[in-house]
Amino acid sequence: MAFDALHAATRFGFGPTGDGALPADPRSWLIAQLGPGDPARFPTTLPSVSDGLILLEEQHKLKPPPGESLVAPLYRADASAQLNALVSTTAPFRERLVWFWANHFTVSTRRGDIRPIAGAFVREAIRPYVTGRFGDMLLAVMRHPAMLLYLDNASSVGPDSPAGQGGKHGLNENLARESLELHTVSPAAGYSQADVTAYASILTGWSVDRKSADPGFVFRDRAHQPGDKRVMGRVFPAGEAGGILMLDMLATHPATYRHLATKLALHFVSDTPSPDTIAHLTEALATTGGDLRAVSLALISTPEAWVPRSKLRTPFDLVIAAARLVGFGDDPDPSRHGRLAGMMAALGQPVWTAPLPNGWSDRAADWCAPEAMIARIDWSYRVAARPPEAEPTQLARIALGPDRGQRTIDAMRGAGDRRDALTLLLSSPGFQRR
Amino acid sequence: MMLSRRAALLGLGAAWSLGSASLALADPVRTPGDRRFVVVMLRGAMDGMSAVVPYGDATLAKWRAPLLPAAIGQPDGMLDLGGFFGLHPALSGLHTLYAAGEMLPVHAVAGGYRSRSHFEAQDYMESGADHRLTSGWLNRVVGALPRDPSQPEGNGLSVGLSTPLILRGPAPVGAYAPEASQAPSPDLYSRIAALNADDKLTGPAIARGLAAKSFATGTLSGDGGETKGKGGSGGFPALAEAAGHLLASADGPRIAALEIGGWDTHAGQKQRLNGPLRQLDAGLMALRTGLGPTWRDTAVLVMTEFGRTVRVNGTGGTDHGTATVAFLLGGSVSGGRVGGVWPGLAQTALFENRDLAPTTDIRALAKGVLHAHLGLRSDQLETVFPGSRGVGPMGRLIRA
């Protein structure tokens with residue numbers, strides 16, 4: 001297996017930067033990014049989930065007129081900071097893992113009023129765990145207000161709990177269902193509607209305290225459905241502890257390992273990964289109790305992951321790859337909509353705004369509709385309005401490699417100016433892939 | 001979006017839906033006699049011998065018969081420029097100016113560089129040197145002129161476009177262009193489609209997407225047919241007229257740079273040149289309209305990075321060459337003749353046996369305008385074009 005440096009930077013990261021610097025030993029470079037400690041540093045002014053919830057309460061009380069939202073600038077600043085980190089990061093594999101897991105556990109600003117805490121969700125519930133145990137990430141996600149609000153669990157009440165008396169409030173199965181279907185075992189595990197309902201009962205009381213001085217996760221005993229519950233053949237006791245046991249069961253379930261392995265393969269390997277690849281990744285999770293560092297290492301040692309350019313870049317990938325190559329960052333003015341976020345939105349993939357809880361697709365077929373490809377070309381032309389001083393064909397050699405890029409370089413040589421040449425590079429089949 | 005007060009008053013909002021055209025303006029400076037100076041850059045290398053055809057040269061037809069427009073007097077025929085040269089029929093507006101003595105083509109012009117790379121040559125043309133500088137020569141012109149003290153520094157006309165290199169540098173510059181509203185020219189779409197054609201995923205998607213935008217499939221297959229459809233350089237006249245309005249206003253800028261692409265005619269040149277030439281002609285006439293009475297105080301220099309091969313290539317086009325034509329026009333210009341020295345097209349006269357040989361340095365032309373029109377002294381001209389001591393300013397370009 002040839003550990004090609006350009007491929008390592010492109011497949012596992014977001015492509016090379018315009019200086020063309022590539023790791024001397026790509027395999028060690030990737031492994032080193034999985035060490036303990038996250039090198040990413042964010043401004044301390046970014047809101048914690050608690051800050052975001054306080055602001056959300058303020059917004060509800062003040063009811064500012066449209067266009068004067070209190071929470072919108074927070075969302076923009078957080079998105080801008082986290083996207084900018086990708087443009088300059090020296091640990092792009094780790095960052096790709098962060099965004100992969102954030103998409104796996106999608107929270108979307110389309111519902112649940114979570115705009116000011118979507119960024120905090122990634123920083124607090126995803127980022128610290130990308131090289132840790134999957135079970136720890138799952139627990140952090142399920143206790144995070146962004147997820148509890150997005151999938152309605154914050155207001156789910158056990159019918160037989162004190163708060164459920166009178167029948168005004170009841171069970172909401174949304175989070176329980178998506179947790180099984182999307183986040184853990186998947187339908188392949190063969191659970192029933194009764195399992196979903198029982199799991200939802202277990203999760204009653206997992207809620208958000210929005211009124212306290214330090215708002216955040218709260219377990220509401222008064223809303224928790226009393227009594228034992230049976231899910232997928234196992235009995236879980238009442239109380240918060242029952243939920244923690246349930247999550248531990250899900251996190252270490254063989255069907256979960258297989259589901260996560262399949263999704264990782266789809267993201268990092270190909271739209272049609274081989275059974276061998278999925279088995280290799282599944283085993284890495286199974287033998288380590290769901291160690292995400294171990295499965296990330298297994299990705300590096302998957303031969304199929306080193307087949308170049310087998311993945312179409314999503315708009316997210318495309319924008320970051322271009323920003324790294326051409327050298328543009330986000331608008332430094334946080335009061336304005338971020339440039340990178342704006343580009344992603346224009347190309348159909350707005351940050352933290354997936355249409356549904358299953359997140360953004362990792363399949364080319366969902367991204368290469370004719371009008372979407374034209375939008376990419378038009379976007380390339382706009383990006384190319386500010387060509388860097390570097391010779392465009394040199395950037396092509398950096399981004400595509402001297403051999404693989406030759407056809408594109410030839411086409412660029414026939415372009416009438418820098419802008420057209422750069423547009424050709426960004427619209428080339430090679431640059432559309434990673 | 002920070003359209004300036006002035007731009008907003010002029011109702012420029014609609015002017016920005018353009019293809020490969022853009023405009024940049026220097027902040028207001030004082031010029032002698034309140035004169036205006038505009039540079040129009042034709043990116044992609046305009047074929048000078050198609051724009052100003054040396055039909056009087058006996059060897060012309062031997063090299064490029066398939067490219068020649070109809071003869072003078074024929075339908076769609078060339079427009080005569082004094083018995084040896086003919087103007088391309090798409091440049092009828094320029095011909096009117098020529099007749100009025102306000103248009104001066106200068107033939108066999110080239111920069112001081114000999115690169116045939118668009119990117120290098122455009123950098124050098126804009127730097128005003130035979131290597132890339134961090135500032136452009138037009139910016140150094142602005143720096144050599146006194147600022148207008150009645151105008152605030154950097155009175156922003158910027159809507160956040162890239163300033164072209166020719167105007168980049170220490171002197172403050174406002175730039176225009178609608179970054180978000182621009183789309184590639186049909187030709188560039190075709191090239192992108194061709195580059196993706198063999199790709200199973202992106203190829204069919206792009207072909208279908210462009211078909212939906214009503215591009216002829218003939219264009220996509222690159223057969224050299226005339227490109228049709230939206231986009232293109234159709235915005236150039238609107239942009240040029242807007243530039244004229246801004247330059248005409250009493251407290252407006254006095255120096256501007258415009259650019260228009262679409263000149264890189266490697267295939268199907270005879271058809272493909274019609275569009276850009278028509279746009280250029282319409283744009284220059286619109287610039288005159290926008291300038292109104294101040295046209296009489298204006299000089300416009302139209303230039304391109306290099307010319308194209310004398311011979312036709314295998315796809316009905318021409319490849320990157322050396323000398324080409326430049327235009328000087330405006331009410332201040334002493335026109336109505338063709339300037340420069342014609343080197344001839346005999347095989348022994350060609351540069352490296354392929355290109356029109358250069359006989360006039362573009363810097364001599366520019367220096368002549370800057371000296372006579374904007375009053376720059378010889379030491380200032382040295383600053384504008386570093387290392388050009390041996391290139392003296394051309395005379396007789398500007399009316400006394």
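As recorded in an unreviewed UniProt entry, chain B goes by the name DUF1501 domain-containing protein, listed as coming from Endosaccharibacter trunci.

Going by an unreviewed UniProt entry, chain A carries the name DUF1800 domain-containing protein and comes from Endosaccharibacter trunci.

Trainee: How should I be thinking about the overall build of chain B in this particular structure?
Mentor: Along its length, chain B carries 14 helices and 12 strands. When the accessible area of chain B is evaluated, it comes to approximately 14,100 Å², of which 54% is carbon and sulfur surface.

Trainee: What am I meant to see in the overall build of chain A here?
Mentor: Helix and strand counts for chain A come out as 20 helices and four strands. Each of the 434 residues in chain A was classed as buried or not, and the buried ones make up 59%. Excluding contacts between residues fewer than 6 apart, the proportion of contacts in chain A whose partners are at least 24 apart in sequence is 71%. Within the structure as shown, chain A displays about 16,100 Å² of accessible surface, and the carbon and sulfur contribution to it stands at 54%.

Trainee: Explain the nonpolar core to me, please; I cannot follow it from the model alone.
Mentor: One recurring pattern in soluble globular proteins: nonpolar side chains tend to sit buried together. Judged by nonpolar contacts, the single largest core of 137 residues is most densely connected at L83(A), W101(A), F121(A), I126(A) and Y199(A). With nine residues, the single largest contributor to this core is helix α15 (residues 315–326) of chain A. When residues no more than four places from it in sequence are discounted, the contact partners of Y199(A) are M142(A), A176(A), S179(A), L180(A), V231(A), M246(A), L247(A) and L250(A). Membership of the second largest hydrophobic core comes to 50 residues, among which are A51(B), A90(B), A256(B) and W263(B).

Trainee: How do you make sense of the side chain of E126(B) when you look at a structure like this?
Mentor: All names here are of chain B. Looking at the secondary structure, you find E126 in helix α5 (residues 118–127). For E126, a relative accessible area of 2% puts it in the buried group. With residues near it in sequence (within four places) discarded, E126 still touches M41, R43, G136, W137, P164, L165 and I166.

Trainee: Whenever I open this one, the side chain of T31(B) confuses me. Can you help?
Mentor: Residue and element names in this part refer to chain B. Locating T31 in the fold gives a position in the loop between β1 (22–26) and β2 (36–42). Residue classification places T31 among the buried residues on the basis of a relative accessible area of 10%. Separated by 2.7 Å, the side chain of T31 and the backbone nitrogen of R35 make a polar contact. Residues contacting T31, with those up to four places away along its chain left out, are L145, R254 and L374.

Trainee: Looking at this structure, how should I read the interface of chain A and chain B?
Mentor: Listed as interface residues are 36 residues of chain A and, on the opposing side, 39 residues of chain B. Buried surface at the junction of chain A and chain B, summed over both partners, amounts to about 3,100 Å²; 60% is from carbon and sulfur atoms. When the buried surface of chain A facing chain B is broken down by residue, I374(A), Y381(A) and R407(A) rank first, second and third, together holding 17% of it. The tally of links between chain A and chain B comes to four salt bridges. Of the charged contacts, one joins R407(A) and D198(B) as a salt bridge, the two residues approaching to 3.1 Å between their closest N and O atoms. Summed over the shared surface of chain A and chain B, the result is 11 residue pairs in polar contact (both at pLDDT 80 or more). Listing elements by their share of the side of chain A that touches chain B, those giving two or more residues are α17 (370–383), α19 (406–413) and α20 (418–426) of chain A. The dominant element in the side of chain A that touches chain B, judged by the number of residues it contributes, is α17(A), at seven residues.

Trainee: What is the right way to read the pattern of salt bridges from this model?
Mentor: Under the criterion given, the structure shown has 37 salt bridges over all chains. Between D271(A) and K311(A) there is a salt bridge, and its shortest N-O distance comes to 2.6 Å. Residue D271(A) is located in the loop between α12 (254–268) and α13 (275–286), and its partner K311(A) is located in the loop between α14 (292–300) and α15; the two are separated by 40 residues in the primary sequence. Exposure remark for K311(A): the relative accessible area of 1% places this residue in the buried category. Among the ionic pairs, R413(A) bridges to D410(A), the shortest N-O distance being 3.9 Å. Within this pair, R413(A) and its partner D410(A) are both found in helix α19, separated by three residues, close to a single helical turn. For D410(A), a relative accessible area of 44% corresponds to the partly exposed category. The structure contains a network of salt bridges with shared partners spanning D187(B), R191(B), D264(B), R272(B) and R308(B).

Trainee: Explanation requested: the environment of D47(B) in the structure shown.
Mentor: Residues and elements named next belong to chain B. Its place among the elements puts D47 in the loop between β2 and α2 (48–51). Taking relative accessible area as the criterion, D47 reaches 1% and is therefore assigned buried. D47 sits 226 residues away from L273 along the chain, and the two C-alpha atoms are 8.7 Å apart. If near-sequence neighbours (up to four positions away) are discounted, D47 is found in contact with R64, Q269, L273, R308, T318 and T324. One polar contact links D47 to Q269, side chain to side chain, over a distance of 2.7 Å.

Trainee: Just checking my understanding: could you explain the pairing of strand β9 (residues 298–304) of chain B for this structure?
Mentor: The side chains of a regular strand alternate between the sheet's two faces. Residues and elements named next belong to chain B. With seven of its seven residues buried, β9 lies for the most part within the structure. A two-sided burial pattern is seen for β9, the buried positions comprising T298, V300, V302 and T304 on one face and A299, L301 and M303 on the other. As judged from the seven bridges shared by β2 and β9, these two strands associate in the parallel manner. From the neighbouring strand, L42 faces β9, where its bridge partner is T304. Alignment of β9 against strand β10 (residues 324–329), held across three bridges, turns out to be antiparallel. Along β10, the bridge assignment pairs V300 with L329.

Trainee: Any chance you could explain the sheet that holds strand β4 (residues 79–80) of chain B here in plain terms?
Mentor: Strand pairs in the sheet, formed through backbone hydrogen bonds, run parallel or antiparallel to each other. Residue and element names in this part refer to chain B. Read across the open sheet, the three strands follow the order β3-β5-β4; overall the sheet is antiparallel. Every other strand in the sheet has two partners, leaving β3 (52–53) and β4 as the edge strands with one partner each. Of the pairings in the sheet, the one linking β4 to strand β5 (residues 86–87) comprises two bridges and is antiparallel in character. Counterpart to L79 in the pairing with β5 is L87.

Trainee: Looking at this model, I keep getting lost on the packing of aromatic side chains. Mind explaining?
Mentor: When we look at a pair of aromatic rings, we describe it by the centre distance and by the angle of the planes. Residues and elements named next belong to chain A. Applying the stated criterion to the full structure yields 19 aromatic pairs over all chains. Between W101 and F134, the ring centres sit 5.8 Å apart and the planes meet at 45°, which makes this aromatic pair tilted. Taken as a pair, W101 in helix α5 (residues 92–104) and F134 in helix α7 (residues 134–142) lie far apart in primary sequence, 33 residues in all. Overall, W101 belongs to the buried group, its relative accessible area being 1%. Its relative accessible area of 0% is what places F134 among the buried residues. The side chain of R96 reaches across the aromatic face of F14, ending 4.5 Å from its centre.

Trainee: Looking at this structure, I do not really get the environment of L299(A). What am I missing?
Mentor: Here L299(A) lies in helix α14. The contact partners of L299(A), leaving out residues within four places of it in the chain, are F12(A), L264(A), F268(A), V269(A), L281(A) and A305(A).

Rules of the game
Residues numbered from 1 in each chain as written. Chains lettered and ligands numbered in written order. Predicted model: local features only at pLDDT ≥ 70, side-chain atom pairs only at ≥ 80, totals over all residues. Heavy atoms only, no water. Helix = DSSP H or I, 4+ residues; strand = E, 2+ residues; numbered from the N terminus. Areas by Shrake-Rupley, 256 points an atom, 1.4 Å probe, with all protein chains shown as cover. Buried < 20%, exposed > 50% of the residue type's maximum accessible area, 1.4 Å probe, protein only. Contact = heavy atoms within 4.5 Å. Core = buried A, V, L, I, M, F, W, Y, C linked by side-chain atoms within 4.5 Å. Polar contact = N/O pair within 3.5 Å; in protein donor to acceptor, adjacent residues only side chain to side chain. Buried area = accessible area lost by both parts, 1.4 Å probe. Salt bridge = Lys/Arg side-chain N within 4 Å of Asp/Glu carboxyl O. Pairing = 2+ DSSP bridges. Phe/Tyr/Trp six-rings, centres within 6.5 Å; stacked < 30°, edge-to-face > 60°. Lys NZ or Arg CZ within 6 Å of the ring centre and 35° of its normal.

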